[in-house]
Amino acid sequence: MSDSDVVRLRPGRIRLVCWSVAVALVLIASLAAATMTGSTGNGFGTFQRGDQVAMVGLGLLGALGVLLLTRPRVEADARGIRVRNVIGSYELPWEVVRGVRFDRGAPWASLELHDDDLVPMVALQAADRELAVAGVRALRRLHQDRLTALAGG
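For the structure given in this document, a descriptive report is provided here. (Residues numbered from 1 in each chain as written. Predicted model: local features only at pLDDT ≥ 70, side-chain atom pairs only at ≥ 80, totals over all residues. Heavy atoms only, no water.)

## Brief notes about the pairing of strand 2 (residues 73–76)
In step 1: Of the two faces of strand 2, only the one carrying Val74 and Ala76 is buried; Arg73 and Glu75 on the other face are not.
In step 2: Relative to strand 2, strand 1 (residues 7–9) runs antiparallel, the two being bridged by three bridges. Bridge assignment links Val7 to a residue of strand 2, and that residue is Ala76. (Buried < 20%, exposed > 50% of the residue type's maximum accessible area, 1.4 Å probe, protein only. Helix = DSSP H or I, 4+ residues; strand = E, 2+ residues; numbered from the N terminus. Pairing = 2+ DSSP bridges.)

## Examining unusual backbone geometry
In step 1: For Asp116, which is not glycine, the phi dihedral falls at a positive 70 degrees.
In step 2: Checked against the element boundaries, Asp116 lands in the loop between strand 6 (108–113) and strand 7 (118–125).
In step 3: For Asp116, a relative accessible area of 57% corresponds to the exposed category.
In step 4: Of note in the backbone geometry, Arg129 takes a positive phi value of approximately 45 degrees without being a glycine.

## Things to note about a nonpolar patch on the surface
In step 1: Together, Val17, Val21 and Leu25 make up an exposed nonpolar region whose accessible area comes to about 210 Å².
In step 2: On the secondary structure map, Val17 appears in helix 1 (residues 13–35). (Patch = residues over 30% accessible without salt bridge, like charges linked within 9 Å, V, L, I, M, F, W, Y side chains within 5 Å. Areas by Shrake-Rupley, 256 points an atom, 1.4 Å probe, with all protein chains shown as cover. Salt bridge = Lys/Arg side-chain N within 4 Å of Asp/Glu carboxyl O.)

## So, the pairing of strand 3 (residues 80–84)
In step 1: Judged by how many residues are buried, strand 3 sits mostly within the fold: four of five residues are covered.
In step 2: With four bridges joining them, strand 2 and strand 3 adopt antiparallel strand pairing. Looking across to strand 3, one finds that Glu75 is bridged to Arg82.
In step 3: Of the pairings in the sheet, the one linking strand 3 to strand 4 (residues 89–93) comprises five bridges and is antiparallel in character. Looking at the pairing, Gly80 lines up with Pro93 of strand 4.
In step 4: Here strand 3 folds back onto strand 4, and the loop between the two strands holds four residues, one of which, Gly88, carries a positive phi near 100 degrees.

## Things to note about the sheet that holds strand 2
In step 1: Reading across from one edge, 1-2-3-4 is the order of the four strands in this open sheet, with antiparallel pairing throughout. Two strands in the sheet have a free side with no partner beyond their single neighbour: strand 1 and strand 4. The average undirected angle you get between the axes of adjacent strands in this sheet is 5 degrees.
In step 2: Its contacts with the sheet place helix 3 (residues 130–152) against strand 1, strand 2 and strand 3, and it is angled at close to 150 degrees to strand 1. (Axes fitted to C-alpha atoms, helices over the stretch in contact; angles between N-to-C directions. Contact = heavy atoms within 4.5 Å.)

This is the structure in structure tokens:
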């Protein structure tokens with residue numbers, strides 16, 4: 001199997017948005033930390049160095065949380081498909097897949113399995129338009145090729 005027989009897909013727009021939001025969170029938290037000096041406002045306490053560090057830490061934690069949304073990916077080859085969503089992963093042989101679906105109005109594509117389960121593929125998002133359509137077509141081709149090989153062999 002050559003590298004061209006492998007389909008690798010990741011969401012496009014959401015990654016750009018998430019990285020932008022993550023950078024903005026860290027910058028805002030850092031700016032807020034820099035302004036945390038002196039009295040707390042009502043005179044009962046003062047900001048300490050630990051308060052500033054905690055504020056930057058909160059910005060970093062928020063950024064990491066947002067970056068979790070960039071985790072989804074799909075990788076498929078002649079043997080099967082591997083789907084990694086924000087939470088959870090699936091590794092499935094093509095034999096258990098009935099079809100690759102991308103229903104009208106759905107936020108992302110999904111795999112329909114022979115046991116009537118649906119496995120969401122968050123990496124193929126409607127917001128990515130043509131990229132998602134091309135990805136679904138490539139997965140359908142791989143699936144059909146595998147089914148043809150099984151039927152012929």
